[in-house]
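The residues making up each chain are set out below.
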Amino acid sequence: MRTDVSETAVWKVTAPDRPAGSPLNEDLRCDVAVVGAGFTGLRAAIALAEAGSHVAVFDGGDVGYGASGRSGGQVNPMLPVARPEDLRAAVGDTYFERMAQVSLGSADELFELVRKYKIDCDARQHGWLRADHSPAAREQAQAGARAWNKFGAGFEFLEAEDTQRLSGSPAYQSATLSPRGGAVQPLALVRGLAGVAESLGVKIYARSAVRNLERHDQRWNMTAAGQRVTADRVLLATNGYTDNLFKGLKRSILPLNPIQIATDPLGDNEIGPVLPEGHTISDTRRLIMYARREPDNRMVFGGIGYRKPFGGTARFNALLRDARRIFPSIRPESWRYRWSGQIAITDDRIPHFHEPEPGLVAGLGYNGRGVAMSLVMGRVLAERLLGAAPESLPLPVLPVRPAAFRNLQLAGASIGISAMAVRDRFEFR
């Protein structure tokens, strides 16, 4: 077992520095209190501040502490909904086409935002490969892609030669290419968004978890870092780290634990054939892999883990074996960094926009596609707080409902994930 493995996200090594934030140290009055200093909350704060609102952002950690600063950084312009009819069943006819268009355009929206604010985050839009792990997966993926192409998705189909050339992996015989996909350095992006927000007058408070949220006299009262906060409106942007601040919201999602490994910069003999044109890649397994090649020739490789009963996250050894299989040119000892995070899964696999009480909105549940869709959600949440009518928005306002069999799924996570891994191995030959 290696002793020099770093239990930290590689993004902390490569992101531009940002001074550690400070906690709130006095009572505060603001127009909008944003809970969560990640992609969703900071995108919303920017839109609100540009409209003239006095905005304060609070986080229990620091900027990007949660999924935003630990994610794979892939910008995938598609909801994890296999067929258009599944999305229609989830949101109804009124919102179906709006949500299809906003999700398929989500990558373009992110890259335009980066250009607008000149955020230094290694943004590149070279395309996303979704590789098929079996003939049956190929058939299903291509049927879904053809259906989505009718709505402007622009997916292309690749056979074995192009799949292996663009991926640098001998493991796949076909793939679907999304030319609008890409990647960012996620911690650099979230820190960049924080800088933009602060330049607009937004106050960001680190290590200031919000507690005791109550509505009184048409205002919201809460505490943060032991100080009193009063706000006209509140925006909850905590996704997979959602707690019991607002009753029922935590139970509306199922937390899932992605895990990732990364290397230091590699020599051409190791990384030479891997993703030579800068595409990102994921595959069609139940326990997907996702990977990317960084501009400095680091590799990042991710998958799905689960929480151990007494702390820590499992399945890093399985992830290392998978990386060896998918990219055999990279030596096992090169994977120096490892880390995990927490994302939010919803029953219907679409993001959930809630407005459970007047002046209180929440957005969460990106189902592994949060880099792009969280920024869309932040914008939409801000539009609603600024007075946009619900029926004018691209996302429906949904009731807060508990995820089905949530406790059972959490208790059986290790068994369920192990079972999916067995099925994936049987099919992936």
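Residues numbered from 1 in each chain as written. Predicted model: local features only at pLDDT ≥ 70, side-chain atom pairs only at ≥ 80, totals over all residues. Heavy atoms only, no water.

## Observations regarding the packing of aromatic side chains
Aromatic ring pairs are described here by two measures, namely the spacing of the ring centres and the angle between the planes.
So, point 1. In total, this model carries 8 aromatic pairs according to the counting rule given.
So, point 2. With a centroid separation of 6.2 Å and an interplanar angle of 75 degrees, the aromatic rings of W11 and W339 are classed as edge-to-face. Placement of W11 in helix α1 (residues 11–14) and of W339 in strand β17 (residues 335–340) is noted, with a sequence separation of 328 residues between them. The burial state of W11 is the same as that of W339; both residues are buried.
So, point 3. Of the aromatic side chains, those joined through ring pairs into one cluster are F96, W148 and F151.
So, point 4. Across the ring face of F96, the terminal group of R88 is positioned such that the distance to the ring centre comes to 4.0 Å.
So, point 5. The ring of Y95 carries the charged tip of R98 above its face, separated from the ring centre by 4.8 Å. (Phe/Tyr/Trp six-rings, centres within 6.5 Å; stacked < 30°, edge-to-face > 60°. Helix = DSSP H or I, 4+ residues; strand = E, 2+ residues; numbered from the N terminus. Buried < 20%, exposed > 50% of the residue type's maximum accessible area, 1.4 Å probe, protein only. Lys NZ or Arg CZ within 6 Å of the ring centre and 35° of its normal.)

## With respect to the pattern of salt bridges
So, point 1. Applying the stated criterion across every chain yields a total of 27 salt bridges.
So, point 2. E355 is paired through a salt bridge with R384; the nearest N and O atoms lie 2.8 Å apart. Of this pair, E355 sits in strand β19 (residues 352–357) while R384 is found in helix α11 (residues 370–385), placing the two residues 29 residues apart along the sequence.
So, point 3. Note on E355: relative accessible area 24%, which makes it partly exposed.
So, point 4. Because the salt bridges share partners, they merge into one network encompassing D264, D296, R298 and R336. (Salt bridge = Lys/Arg side-chain N within 4 Å of Asp/Glu carboxyl O.)

## A short note on α11
So, point 1. Taking 1.5 Å of rise per residue, 16 residues should cover 22 Å, and α11 covers 21 Å from first to last C-alpha, within 8% of that figure.
So, point 2. With 14 of 16 residues buried, α11 lies mostly within the body of the structure.
So, point 3. Just beyond α11, the residue with positive phi is G387, at close to 110 degrees. (Expected span 1.5 Å × (residues − 1).)

## Regarding the packing of helix α5 (residues 106–117) against α11
So, point 1. Look at α5 against α11: their axes get within 8 Å of each other, and the N-to-C directions meet at 75 degrees. Classed by the angle they form, the pair α5 and α11 counts as roughly perpendicular. Between α5 and α11, the residues in contact are S106, A107, E109, L110 and L113 and V371, A372, M373, L375, V376 and R379, respectively.
So, point 2. Considering only residue class, the contact of α5 with α11 consists of 8 nonpolar, 1 polar and 2 charged. (Axes fitted to C-alpha atoms, helices over the stretch in contact; angles between N-to-C directions. Parallel < 35°, antiparallel > 145°, perpendicular 65-115°, else oblique. Contact = heavy atoms within 4.5 Å. Nonpolar A, V, L, I, M, F, W, Y, C, P; charged D, E, K, R; others polar.)

## Observations regarding the pairing of strand β11 (residues 227–236)
So, point 1. Where strand β1 (residues 28–35) lies against β11, 7 bridges are found, and the strand directions are parallel. Its bridge partner lying in β11, A33 is registered against V234.
So, point 2. Note: strand β10 (residues 219–224) against β11, 5 bridges, orientation antiparallel. When the bridges of β11 are listed, T223 appears paired with R228.
So, point 3. Taken together, β10 and the strand that follows it, β11, pair antiparallel across an intervening segment of 2 residues, in which A225 is found at a positive phi of about 50 degrees.
So, point 4. Of the pairings in the sheet, the one linking β11 to strand β20 (residues 360–364) comprises 3 bridges and is parallel in character. Among the inter-strand pairings, L235 is bridged to a residue of β20, identified as V361. (Pairing = 2+ DSSP bridges.)

## What to know about the pairing of β19
So, point 1. Here β19 runs beside β20; their pairing, made up of 4 bridges, is antiparallel. Residue pairing for β20: H352 is matched across the bridge by L364.
So, point 2. Between β19 and β20, which follow one another and run antiparallel, lie 2 residues, and G359 among them has a positive phi close to 80 degrees.

## Thoughts on helix α13 (residues 413–427)
So, point 1. Spanning 15 residues, α13 covers 21 Å between terminal C-alpha atoms, matching the ideal 21 Å at 1.5 Å per step.
So, point 2. Those residues of α13 that sit buried are I417, A421 and D424. Across the axial projection of α13, the buried residues extend over an arc of 65 degrees, all falling on one side. Exposed residues pointing more than 90 degrees away from the buried face of α13 are listed as I415 and F426. (Arc of directions from axis to C-beta.)

## Some words on the side chain of S106
So, point 1. As for its position among the elements, S106 is in helix α5.
So, point 2. For S106, the side chain forms a polar contact with the main-chain oxygen of S103, separated by 2.7 Å.
So, point 3. The contact partners of S106, leaving out residues within four places of it in the chain, are N76, P77, A372, M373 and V376. (Polar contact = N/O pair within 3.5 Å; in protein donor to acceptor, adjacent residues only side chain to side chain.)

Keep in mind these numbers describe shape, not what the thing actually does.
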